[in-house]
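Here is how the chains run, residue by residue.
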Amino acid sequence: MAGNVSAARAAGLEAMTAAIETPGAEEGLVRRALDAQAAYMPDVRADIGPAGEGWTTSEVFFSDEAALGEFLAFEQSLNEGTDLRAAGALLMTDYGYILAAAAVPLFTGFGLVPDLAPASVALSFHTIEEFRDGKTCRTRRAHVRFLNAAFRQGRLEDAGDGERFRAGIEQHFRPVIEAIHARTRLSRAALWRLASDSIAGRFLESGYRFDRVEAAKATAMRILKVPGSPLANRQLHFFDLTVFDRNRQDFSYTFRQRGGCCRFYLVEGGEYCPTCVLKAPAERDEELRLAMRRHLGVA
C-alpha cells in the first residue's frame, strides 16, 4: 500500500509540474473562475500576476522568523491566556482558511488546479474586523496571487485531478507546518489535522456555493482520506442533521466534523467550536439542531 501511495503522490506532483500555461481558449474560464472566487470570498481574493509591492510568497513568509513571530504575537494578542501552542493552532487555522479559500473554489466550481508550490503563491496580508456573538473580533486574512498562470483544467469528480489537487495541497502545507512546529512545538500531526479541516470545510461551503454539494463532499473525502497522506485523519467527516421548519417540513443541513482542535477552549473566555473534535456527538448534535431552529425562527 505504501508503494502505491508514494507512486500516486509522485504522479500527482509530476502532473502539477507538467501543467502548461492556459491557452487563449481557456483564459476566459480562468478569469470567470477567479472572478467567481473573489465574489464568493472577498476577504481572500485570488488572482494571477506578479507579486509586486506589498506581496510576499508563502515560501519567503514562513522562512522569515520575524514575520512568523509577528503573526503568532497577533494571535496571542486577541485573547488573554493564549500560549504559544494555542497561537500556533490558531495561526494554522487562519492560514488554512486563506489557502483553502483561494484554491478550493477554483477546483469545486470550475475544475481548475492551480500551482500551489509555496514559491508560486504570493500573499498580501491584512486584518479584518467581524461582528460575532455580540462583539467585534479581529482576524488575520490575506489576498492570494498565483504567480504561475498555469492552471490545469480538469473535473471535480476525476480521481486523477483530485490526486493532483491533493499533491499541491501537501506540497504547499509542508514548509508551513514545519515552520509553525519548529516555533511552537505543536505537533505536526495536530497541524496537519487543522489543515485538513480547513480544506474539508471549504469543499463543503463551496459545494453549496456552486450547487455541487454531493460531488464536493465526495471529492473532499477522497482527497483527505488517502492512507499514508499527512492530510488523512480518522475523525474528519461530514454528517447531516434534520429539523422541522415552520411548516413542519424537514430541513436538513450538512456539517463538517472537525478532526483537529484549534485549542481556542484553552484561552481566557474560550469555548469549544460547534463541531469540535473534543465534543461528544450527542452534545454537538443537540447544540447544532438548536442553532438550525434559531436560523429557521422556530426555536
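All values reported here derive from a predicted model rather than from experimental measurement.

## Points about the confidence of the model for the protein chain
With 91% of its residues at a pLDDT of 70 or more, the protein chain shows a mean pLDDT of 91. Here residues 1-25 scores under 50 on pLDDT; set against residues more than four positions off or in separate chains, the count is 37 contacts.

## A closer look at unusual backbone geometry
Positive phi, normally seen in glycine, also occurs at aspartate 211, with a value near 55°. One can find aspartate 211 in the loop between helix 7 (188-209) and helix 8 (213-224). In this model, arginine 248 sits at a positive phi of 60°, which is unusual for a non-glycine residue. By the secondary structure assignment, arginine 248 is in the loop between strand 7 (237-244) and strand 8 (250-257).

## Details of the side chain of serine 229
Residue placement: serine 229 occurs in the loop between helix 8 and strand 7. Classification of serine 229 by relative accessible area gives buried; the value is 7%. Looking at serine 229, its side chain comes within polar contact range of the side chain of glutamate 170, at 2.5 Å.

## Remarks on the packing of helix 7 against helix 8
Axis separation between helix 7 and helix 8 bottoms out at 7 Å; the angle between their running directions is 165°. One element, helix 7, and the other, helix 8, form an angle in the roughly antiparallel class. Remark: the crossing between helix 7 and helix 8 carries right-handed chirality. Facing Ser196, Ile199, Ala200, Phe203, Leu204, Gly207 and Tyr208 of helix 7, the residues of helix 8 in contact are Val213, Ala216, Lys217, Thr219, Ala220, Ile223 and Leu224. For the contact of helix 7 with helix 8, the per-class residue count stands at 10 nonpolar, 3 polar and 1 charged.

## Quick look at the packing of helix 6 (residues 159-184) against helix 7
As a packed pair, helix 6 and helix 7 sit with axes 10 Å apart at the nearest point and diverge in direction by 140°. Accordingly, the angle class assigned to the pair helix 6 and helix 7 is oblique. Helix-helix and strand crossings are classified by hand; for helix 6 and helix 7 the assignment is right-handed. On the side of helix 6, the interface is formed by Phe165, Ile169, Glu170, Phe173, Arg174, Ile177, Glu178, Ile180 and His181, while helix 7 contributes Arg188, Leu191, Trp192, Ala195, Ile199 and Phe203. Its residues assigned to classes, the contact of helix 6 with helix 7 shows 10 nonpolar, 1 polar and 4 charged.

## Brief notes about the packing of aromatic side chains
Here the structure, examined in full by the defined rule, presents 17 aromatic pairs. Judged by centre distance (6.1 Å) and plane angle (75°), the ring pair of tyrosine 40 and phenylalanine 210 falls under edge-to-face. Highlighted residues: tyrosine 40 in helix 2 (residues 24-40) and phenylalanine 210 in the loop between helix 7 and helix 8, separated in sequence by 170 residues. An aromatic cluster is present here, built from Phe61, Phe62, Phe71, Tyr95, Phe125, Phe173 and Trp192 joined pairwise through their rings. For the cation-ring pair, arginine 140 lies above phenylalanine 74, with the distance from its terminal atom to the ring centre recorded as 4.2 Å. Stacked on the ring of tryptophan 55, the Lys or Arg arginine 145 has its end atom at 4.1 Å from the ring centre.

The rules behind these values
Residues numbered from 1 in each chain as written. Predicted model: local features only at pLDDT ≥ 70, side-chain atom pairs only at ≥ 80, totals over all residues. Heavy atoms only, no water. pLDDT = per-residue confidence, 0-100. Contact = heavy atoms within 4.5 Å. Helix = DSSP H or I, 4+ residues; strand = E, 2+ residues; numbered from the N terminus. Buried < 20%, exposed > 50% of the residue type's maximum accessible area, 1.4 Å probe, protein only. Polar contact = N/O pair within 3.5 Å; in protein donor to acceptor, adjacent residues only side chain to side chain. Axes fitted to C-alpha atoms, helices over the stretch in contact; angles between N-to-C directions. Parallel < 35°, antiparallel > 145°, perpendicular 65-115°, else oblique. Left-handed = near helix turned anticlockwise from the far one by under 90°. Nonpolar A, V, L, I, M, F, W, Y, C, P; charged D, E, K, R; others polar. Phe/Tyr/Trp six-rings, centres within 6.5 Å; stacked < 30°, edge-to-face > 60°. Lys NZ or Arg CZ within 6 Å of the ring centre and 35° of its normal.

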